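Residue-level structure breakdown
Residues per chain are reported as follows:
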Amino acid sequence: MLELVGFDGDDTLWHSEGYYQEAAVEFDRILSAWVDVDDASVRQRLLAVERSNLALFGYGVKGMVLSMIEAAIDITEARISAAGIHRIVLLAKAMLDHPVELLPGIREAVEAVAARHRIVLITKGDLFHQEKKVARSGLADLFHRIEIVSEKDDASYSRVLSEFGVAPGGFAMVGNSLRSDIEPVIALGGWGIHMPYHVTWAHEMEHGLQADHPRLLTVASAAAIAEAVARCDGAG
């Protein structure tokens, strides 16, 4: 029986990755003044820099822009101008102030689950930015707790479950990322409800979870979340 249900934030409750994808397109446009962005494999090189910096900068827009600046200097062999770097900074500022747009039907889904279970929001990224998105979402009052973590791994989920006094088998996590939202929870013995988003950051695509895992359910939209939670509840 489920005692606690967790929800991811970005691309589960509200749209997020699309803004990063748009920023990557603009990054290409900025660098095109100095290099052939196709020949320079800009996206792959940027991803490599972002990955190498995760342990230092963490997730989110601020870490992204620092990695963009580093990658831009490397890719252009330090030829990028101060004006070009300033455009990257302005790009980050715009992202930090973007509106929060809920996914279709997600408010109703969260309310339906909250009517039967304790729920917690577990999201990772920059503290200030995530706090702002949670506040702007209008969903904060539905959750028993809001957890903003630096990484979604076994240790983070174990800590949350321990503080709630819930065994892993009594917990289900709803999210769009198999790597961050689902795999660590299932590894602990919990349940995963995967709601794929139409675009996913390449880093989040890497995982070792099998699609037919018995504690993994996949839903096509927010409208199916409450039923999936009920199935986990009955199976538990």
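Look up a bit, the structure's there.
Below, the structure is looked at part by part. (Residues numbered from 1 in each chain as written. Predicted model: local features only at pLDDT ≥ 70, side-chain atom pairs only at ≥ 80, totals over all residues. Heavy atoms only, no water.)

**Remarks on the nonpolar core**
- Membership of the largest hydrophobic core comes to 29 residues, with the highest contact counts inside it found for Val-5, Phe-7, Leu-13, Ile-106, Phe-143 and Ile-225.
- Setting aside residues no more than four positions away along its own chain, Ile-225 makes contact with Phe-7, Ile-106, Ala-109, Val-113, Val-174, Met-195 and Val-219. (Core = buried A, V, L, I, M, F, W, Y, C linked by side-chain atoms within 4.5 Å. Buried < 20%, exposed > 50% of the residue type's maximum accessible area, 1.4 Å probe, protein only. Contact = heavy atoms within 4.5 Å.)

**Section: the side chain of Lys-133**
- Among the secondary structure elements, Lys-133 is positioned in helix α6 (residues 127–137).
- A distance of 2.8 Å separates polar atoms of two side chains, one belonging to Lys-133 and the other to Gln-130.
- Setting aside anything within four residues of it in sequence, one finds Lys-133 in contact with Asp-10, Trp-14, Ser-16, His-98 and Val-100. (Helix = DSSP H or I, 4+ residues; strand = E, 2+ residues; numbered from the N terminus. Polar contact = N/O pair within 3.5 Å; in protein donor to acceptor, adjacent residues only side chain to side chain.)

**What about the pattern of salt bridges?**
- Tallied over the entire structure, the rule returns 15 salt bridges.
- Between Asp-28 and Arg-43 there is a salt bridge, with its nearest N and O atoms 3.0 Å apart. Here Arg-43 lies in helix α2 (residues 42–57) and Asp-28 lies in helix α1 (residues 17–31), a separation of 15 residues in the sequence.
- For Asp-28, a relative accessible area of 15% corresponds to the buried category.
- Each of Arg-145, Glu-147, Arg-159 and Glu-163 takes part in one network of salt bridges that share partners. (Salt bridge = Lys/Arg side-chain N within 4 Å of Asp/Glu carboxyl O.)

**Topic: the side chain of Glu-147**
- Within the secondary structure layout, Glu-147 lies in strand β3 (residues 145–149).
- Its relative accessible area of 9% is what places Glu-147 among the buried residues.
- In this structure Glu-147 touches Val-120, Leu-121, Ile-122, Thr-123, Arg-159, Val-160 and Glu-163, once residues within four positions along its chain are discounted.

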